[in-house]
Amino acid sequence: VAITTRLLVSHLSGIRHYEKDVTKVKEEKEKANRAFKLTKPYQDKEQKEKEGKEIEKTDSVKPRKEHEGEVKSHNAKPGRRDKEFEQEEYYLKEKFESVIESLKIFKNDPLFFKPGSQFLYSTYGFTLLSAVVERVSGQKFTDYMLKMFRDLDMLSTVLDDNEAMIYNRARCYVYNKKGRLVNAPYVDNSYKWAGGGFMSSVGDLLKFGNALLYSYQAGQFKNTNGKLLPGYLKPDTVAMMWTPVPKTEVSWDRDGKYAMAWAVVEKKQQYGCCRQQRHYASHTGGAVGASSVLLILPEELDSEAVDTALLAPPRGVIVSIICNMQSVSLNSTALKIAREFDKEKWAQ
């Protein structure tokens, strides 16, 4: 079979996640689908009663895991253990000198399906992607990324390395079997830098979101007389990254599809004075002792303002949340915050 970088970045490669048993993965997907079908009619009714007909609906359902395999249910009680984090590979302590070396963890394992035929969120797919970057760039993946973070002015974003002295590093917490908060166990993230090995701050993630939103919108502004600097990425590149890919799914937002390393909800309204979907891109994160989300809600630009250069990018709302606790659902919270700021802006 052939596995392309596009398949890797959209989680269509067939490479496994932490669970090695394909039967268990299929069973979990079937359970999530059944739960969605059972809860959707009730939640739709509840939402209409609460907000009326002119709502912009938030996440239509909270399936069992918000992040595909990495964050627990929205309704789970504190102290309830997430089965995902019972996977042994989350707690690896082996140090790898390069991402190419870390491929040995999964390189001899069978693919779960033919590449391109199904969606399966895979941290190891991104490990392979980082190995591609390492080979193509001719430098260590971590060095390549840290230079990029510097270009983006993300000076607080570093490797989550236990040995390094990192100022203002937060302590991370998990619930033990008795439902009590304890310090998160030691892990070495060198086996998955690309899929969950960087440490950042809320401010840095906002800079990252602004850089992407600016890049996305820069090409739409006319008559700027050369005063508008180019974005870090080309507008077409970000548009491609935020375009849903067929055969994908998003467990933490049933309105969305997976794109290229982002979950995306497209703008949609089928009937007048009824439910609307706004276009936005987001991604949650889950690791041992930590949870996070970055959500970007672009402003729907007025054509006249764009043509006359009355506005300048980035235009929209960006929400970043980082929590030093494991298995915390954050995407729906981020979306509610974004909509409140968006509503307030239009009310002014």
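Residues numbered from 1 in each chain as written. Predicted model: local features only at pLDDT ≥ 70, side-chain atom pairs only at ≥ 80, totals over all residues. Heavy atoms only, no water.

S.K.: When you look at the overall build of the chain in this model, what are you seeing that I'm missing?
M.R.: For the chain, the count of helices and strands is 10 helices and 9 strands. For the chain, the residues scored as buried account for 44% of the 348 residues in total. Partitioning the intrachain contacts of the chain with sequence separation of at least 6 by distance along the chain shows that 67% fall at a separation of at least 24. A total accessible area of about 19,100 Å² is found for the chain, and carbon and sulfur atoms account for 53% of it. (Helix = DSSP H or I, 4+ residues; strand = E, 2+ residues; numbered from the N terminus. Buried < 20%, exposed > 50% of the residue type's maximum accessible area, 1.4 Å probe, protein only. Contact = heavy atoms within 4.5 Å. Areas by Shrake-Rupley, 256 points an atom, 1.4 Å probe, with all protein chains shown as cover.)

S.K.: What am I meant to see in the nonpolar core here?
M.R.: Across soluble globular proteins, nonpolar side chains show a tendency to be buried alongside one another. Within the largest apolar cluster, 39 residues are counted, with the highest numbers of intra-cluster contacts made by Y124, L212, W242, W262 and I296. Two domains each donate at least three residues to this core, and these are domain 1 (1-34 + 82-169 + 188-199) and domain 2 (210-347). L212 has contacts with L233, V238, M241, W242, W262 and I296, leaving out every residue within four places of it along the chain. Within the second largest apolar cluster, 13 residues are counted, among which are L297, C323, A334 and A338. (Core = buried A, V, L, I, M, F, W, Y, C linked by side-chain atoms within 4.5 Å. Domains from an automatic or database assignment.)

S.K.: Just to check I follow, could you spell out the packing of aromatic side chains for this structure?
M.R.: For any two aromatic rings, the description comes down to two numbers: the centre-to-centre distance and the angle of the planes. Under the criterion given, the structure shown has 11 aromatic pairs. On the basis of an interplanar angle of 50 degrees and a centroid distance of 6.4 Å, the ring pair of Y124 and Y191 is categorised as tilted. With Y124 in helix 4 (residues 123-137) and Y191 in the loop between strand 3 (181-183) and helix 6 (193-196), this pair connects stretches of sequence that are 67 residues apart. The same class applies to Y124 and to Y191, which are both buried. Among the aromatic residues, those joined into a ring-pair cluster are Y18, F85, Y90, F106, Y124 and Y191. (Phe/Tyr/Trp six-rings, centres within 6.5 Å; stacked < 30°, edge-to-face > 60°.)

S.K.: I tried to follow the environment of W242 on my own but got confused; where do I start?
M.R.: Within the fold, W242 resides in the loop between helix 8 (235-241) and strand 5 (257-258). Overall, W242 belongs to the buried group, its relative accessible area being 3%. Spatially, the C-alpha atoms of W242 and M260 are 6.6 Å apart, while their sequence positions differ by 18 residues. Sequence-distant contacts of W242, defined by excluding residues within four places in its chain, comprise L212, L213, Y216, A259, W262, V264, H279, A281, I296 and P298.

S.K.: What am I meant to see in the pairing of strand 7 (residues 280-287) here?
M.R.: Within a regular beta strand, the side chains point alternately toward one face of the sheet and then the other, so they alternate between its two faces. Within strand 7, 8 of the 8 residues are buried, which leaves it mostly tucked inside the rest of the structure. The alternating pattern of strand 7 places Y280, S282, T284 and G286 and A281, H283, G285 and A287 on opposite faces, both of which are buried. Pairing geometry for strand 6 (residues 263-265) and strand 7, over 3 bridges, is antiparallel. The partner of V264 across the bridge, within strand 7, is A281. In terms of strand pairing, strand 7 meets strand 8 (residues 290-298) through 7 bridges, oriented antiparallel. Bridged to S282 within strand 8 is L295. With antiparallel pairing between neighbouring strands as the criterion, strand 7 and strand 8 make up a hairpin whose turn holds 2 residues, including G289 at a positive phi of roughly 90 degrees. (Pairing = 2+ DSSP bridges.)

S.K.: When you look at the sheet that holds strand 7 in this model, what are you seeing that I'm missing?
M.R.: Sheet strands pair via backbone hydrogen bonds, and the direction of the pair is either parallel or antiparallel. Spatially, 5-6-7-8-9 is the arrangement adopted by the 5 strands of the open sheet, whose pairing is antiparallel. Pairing within the sheet leaves two strands with one partner each, and these edge strands are strand 5 and strand 9 (316-323). Pairing analysis gives 8 bridges linking strand 8 to strand 9, with the strands arranged antiparallel. For S291, the partnering residue across the bridge sits in strand 9 and is C323. Sheet contacts for helix 7 (residues 202-218): strand 8 and strand 9; angle to strand 9, the most-contacted strand, approximately 150 degrees. (Axes fitted to C-alpha atoms, helices over the stretch in contact; angles between N-to-C directions.)

S.K.: I'm lost on the confidence of the model for the chain in this one. Help?
M.R.: Low pLDDT marks regions whose predicted coordinates should not be analysed in detail. For the chain, per-residue confidence averages 85 on the pLDDT scale, and 85% of positions sit at 70 or higher. Predicted confidence is poor over residues 50-81, with pLDDT under 50, and the contacts of this stretch with residues over four places away or in other chains come to 116 contacts. (pLDDT = per-residue confidence, 0-100.)

S.K.: Just to check I follow, could you spell out helix 10 (residues 331-347) for this structure?
M.R.: Think of an α-helix as 3.6 residues a turn; residues three or four steps apart then line up on the same face. When the terminal C-alpha atoms of helix 10 are compared, their 24 Å separation across 17 residues agrees well with the 24 Å that a helix rising 1.5 Å per residue should span. Those residues of helix 10 that are buried are in contact with strand 7, strand 8 and strand 9. (Expected span 1.5 Å × (residues − 1).)

S.K.: Looking at this structure, how should I read the side chain of D342?
M.R.: By the element assignment, D342 lies in helix 10. Setting aside its immediate chain neighbours within four residues, D342 contacts R278, L297 and V317.

S.K.: Before we go on, may I ask you to explain a nonpolar patch on the surface in this structure?
M.R.: There is a patch of nonpolar side chains on the surface, built from V1, I3 and L111 and spanning about 270 Å² of accessible area. You can see I3 is positioned in the segment before helix 1 (5-9). Given a relative accessible area of 34%, I3 falls into the partly exposed group. (Patch = residues over 30% accessible without salt bridge, like charges linked within 9 Å, V, L, I, M, F, W, Y side chains within 5 Å. Salt bridge = Lys/Arg side-chain N within 4 Å of Asp/Glu carboxyl O.)

S.K.: Explain the environment of E134 here, please?
M.R.: Mapping E134 onto the fold places it in helix 4. On the accessibility criterion, E134 (10% relative accessible area) is buried. When the C-alpha atoms of E134 and I100 are compared, they prove to be 7.9 Å apart, with 34 residues separating the residues in sequence. Residues contacting E134, with those up to four places away along its chain left out, are S98, V99, I100, Q139, K140 and F141.

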